[in-house]
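The lines below spell out each chain.
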Amino acid sequence: MIDFQAIRESIDLTEIAGRYTTLNRYLQGPCPLCGGRDRFYIHNGGQRWGCRRCNEKGGDVIDLVALCHKMSKGEAARWLTGDQHVTTPVPARTAAPKGPPRSALDQDVAAKVIQRGIELLPSSPGLTYAVSRGLSSETLDRYHIGFDPRRFDPRAKVRRPALVIPWLNTDGTISGVKFRFTDASGDLRYTALKGSSSILFGANVLPPDPRVCVVVEGELNALSVAEAFGRDSAILSIGPKGNLAGIAAASDLIRGRYAGVPVVLWLDEEEDARRARRTFGGTTVALKSPRGLDANAILVAYGGAGLRELVMPSEHDPVLTEIAALRELADRVRSKADYLSFSSRLESLYDQVTDEKRRAILRRLQAEAEKLLVSIKR
Ligand SMILES: [Zn+2]
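Residues numbered from 1 in each chain as written. Predicted model: local features only at pLDDT ≥ 70, side-chain atom pairs only at ≥ 80, totals over all residues.

A count of helices and strands for the protein chain gives 15 helices and twelve strands. Computed over C-alpha atoms, the radius of gyration of the protein chain comes to 23 Å, within 12% of the 21 Å expected from 2.2 N^0.38 for 378 residues, which places it in the range of a compact globule. Considering only C-alpha atoms, the protein chain reaches an extent of 70 × 55 × 35 Å along its principal axes. The 378 residues of the protein chain split such that 36% are buried. A fraction of 52% describes how many contacts in the protein chain between residues 6 or more apart in sequence connect residues 24 or more apart. (Helix = DSSP H or I, 4+ residues; strand = E, 2+ residues; numbered from the N terminus. Rg over C-alpha atoms; globule rule 2.2 N^0.38 Å. Buried ≥ 20, exposed ≤ 12 C-beta atoms within 10 Å, placed from the backbone. Contact = placed C-beta atoms within 7 Å.)

Here it is in structure tokens:
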């Protein structure tokens, strides 16, 4: 069943519309359906669009994709959540990119591949590789990681050694099996069993009472955080970069199970993380990788303790959380009222902050918001 509401909430209409048209800072631009200069607009806090010429009523992100690609709403929803399509912008007015229908994963085949992989892992080059990346046998066991000495690389057309990475649902059914090549004989890093979907990795090993929830991209990063925290944390990987369906699913799962537990979002792109924070809400903190190092690189360089300290620097700092919130508000000043409410929130924080570096950040945010306000008045 398609969860239309989850798609509407998790997928950014402005970003999707930006693939079909160019929006100005007032979120207006040529209509992807009928052209013009600025008759297409996004309103209602980025939730709805409309066109002054061809579609006064407008619609939401699903309607837009459906119209641009001449798809049904169901097809548009699937298009928006199919990860390989979401990251590939498809210009409007070309042939509808429906693609072949996805075949379902064969559960029996997948179970056999996983089982065989687990049997082959001990004393394999896969284990050596995993250990060199800072992962212990205990963590590999917990996630049922295995080894396949001869997995076919469809790009290089050769068989290569690979870690077998099962994606299991909360009920233990298999949603996908991925393979991470461990050698250097080709440039492809991952392949997957046919019919695999990559919505969430780690959903099957969530603890009942975690200290922290961490959402990352990539399975190796999830395993690395798991290595650092043990069974103390709920770790989910949304799979490939910008996997919006994964973000929505992670948010549903975490909000449903772990109300009040701090959530750390650790995504490569700051913009993705900011957008995802809106989906998660609450006490979500977006973590930025220091010097561009991912979780696994940090685990290798600084060990589990270093990674833990980075994810939870002596628990969360309320001032930093508030600064992050103000940073978003500063970007979203669209009116004098926006500016005034931003400004009063900033001032009350400014009075509490004694650190000069943080005060400088706040002054810069104030200046940015002011500039935005002036540009709107013109
Ligand atoms: Zn139009």
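From this point, the narrative continues.
So, about helix H7 (residues 125–132). Within H7, burial applies to Gly-126, Leu-127 and Ala-130. Here the buried residues of H7 occupy an arc of 95 degrees about the axis, which is enough to place them on one side. In this structure, H7 carries Thr-128, Val-131 and Ser-132 as exposed residues pointing more than 90 degrees from its buried face. Where H7 is buried, its residues contact helix H8 (137–142), strand S5 (146–153) and strand S6 (158–168). (Arc of directions from axis to C-beta.)

Of the two faces of strand S3 (residues 48–51), the one lined by Trp-49 and Cys-51 is fully buried and the one lined by Arg-48 and Gly-50 carries no buried residue. By the bridge criterion, four bridges tie strand S2 (residues 35–43) to S3 in an arrangement that is antiparallel. The residue of S3 that forms the bridge with Tyr-41 is Gly-50. Between S2 and S3, which follow one another and run antiparallel, lie four residues, and Asn-44 among them has a positive phi close to 60 degrees. The pairing of S3 with strand S4 (residues 55–59) spans two bridges and is classified as antiparallel. Its bridge partner lying in S4, Trp-49 is registered against Gly-59. (Pairing = 2+ DSSP bridges.)

With that out of the way, let us pick up the pairing of S5. Here six bridges tie S5 to S6, and the two strands are oriented antiparallel to one another. For Phe-152, the partnering residue across the bridge sits in S6 and is Arg-159. Counting the residues between successive antiparallel strands, the hairpin from S5 to S6 contains four residues, one of them, Lys-157, with a positive phi of roughly 60 degrees.

What follows concerns the sheet that holds strand S8 (residues 190–192). Strand order in the open sheet made by the four strands is S5-S6-S7-S8, with antiparallel pairing throughout. Both edges of this open sheet fall to S5 and S8, since each of them pairs with a single strand only. Averaged over all pairs of adjacent strands, the angle between strand axes in this sheet comes to 40 degrees, irrespective of strand direction. The sheet strands contacting H7 are S5 and S6, and the helix crosses S6 at an angle near 65 degrees. (Axes fitted to C-alpha atoms, helices over the stretch in contact; angles between N-to-C directions.)

In this section: helix H9 (residues 219–229). With respect to burial, H9 is a largely interior element, eleven of its eleven residues being buried. Within H9 the residues assigned to the buried category are Glu-219, Leu-220, Asn-221, Ala-222, Leu-223, Ser-224, Val-225, Ala-226, Glu-227, Ala-228 and Phe-229. Taken together, the buried residues of H9 touch H8, S6, strand S7 (174–181), strand S9 (212–216), strand S10 (233–237) and helix H12 (295–311). Note on H9: the residue one or two positions beyond its end, Gly-230, has a positive phi of about 65 degrees.

Spatially, four strands are ordered S10-S9-S11-S12 in an open sheet, and the strand pairing comes out parallel. Every interior strand has two partners, whereas the edge strands, S10 and strand S12 (284–286), have only one. On average, adjacent strands in this sheet sit at an angle of 20 degrees to one another, irrespective of strand direction. When strand S11 (residues 263–266) meets S12, the two strands line up parallel, connected through three bridges. In the strand pairing of S12, Leu-265 is matched with Ala-286.

On to the domain arrangement of the protein chain. Domain boundaries assigned for the protein chain yield domain 1 (4–86), domain 2 (105–197), domain 3 (198–314) and domain 4 (318–377). One C-alpha centre belongs to domain 2, the other to domain 4; they are set 47 Å apart. (Domains from an automatic or database assignment.)

To continue, consider the environment of Asp-153. With respect to the element layout, Asp-153 can be found in strand S5. Look at Asp-153 and you get partly exposed, because 19 C-beta atoms sit within 10 Å. Each C-alpha atom, one on Asp-153 and one on Asn-296, is 24 Å from the other, the two residues being 143 residues apart in sequence. Residue contacts for Asp-153: discarding those within four places in its chain leaves Val-158, Arg-160, Phe-181, Gly-186, Leu-188 and Thr-191.

Turning to the confidence of the model for the protein chain, a few remarks are in order. With 91% of its residues at a pLDDT of at least 70, the protein chain reaches an overall mean of 83. Below pLDDT 50 for its whole length, residues 83–102 participates in 22 contacts with residues either more than four positions away or in separate chains. (pLDDT = per-residue confidence, 0-100.)

Quick look at unusual backbone geometry now. Positive phi, normally seen in glycine, also occurs at Ser-123, with a value near 55 degrees. On the secondary structure map, Ser-123 appears in the loop between helix H6 (107–120) and H7. Positioned with a positive phi, Lys-157 is a non-glycine residue whose angle comes to about 60 degrees. Relative to the helices and strands, Lys-157 is located in the loop between S5 and S6.

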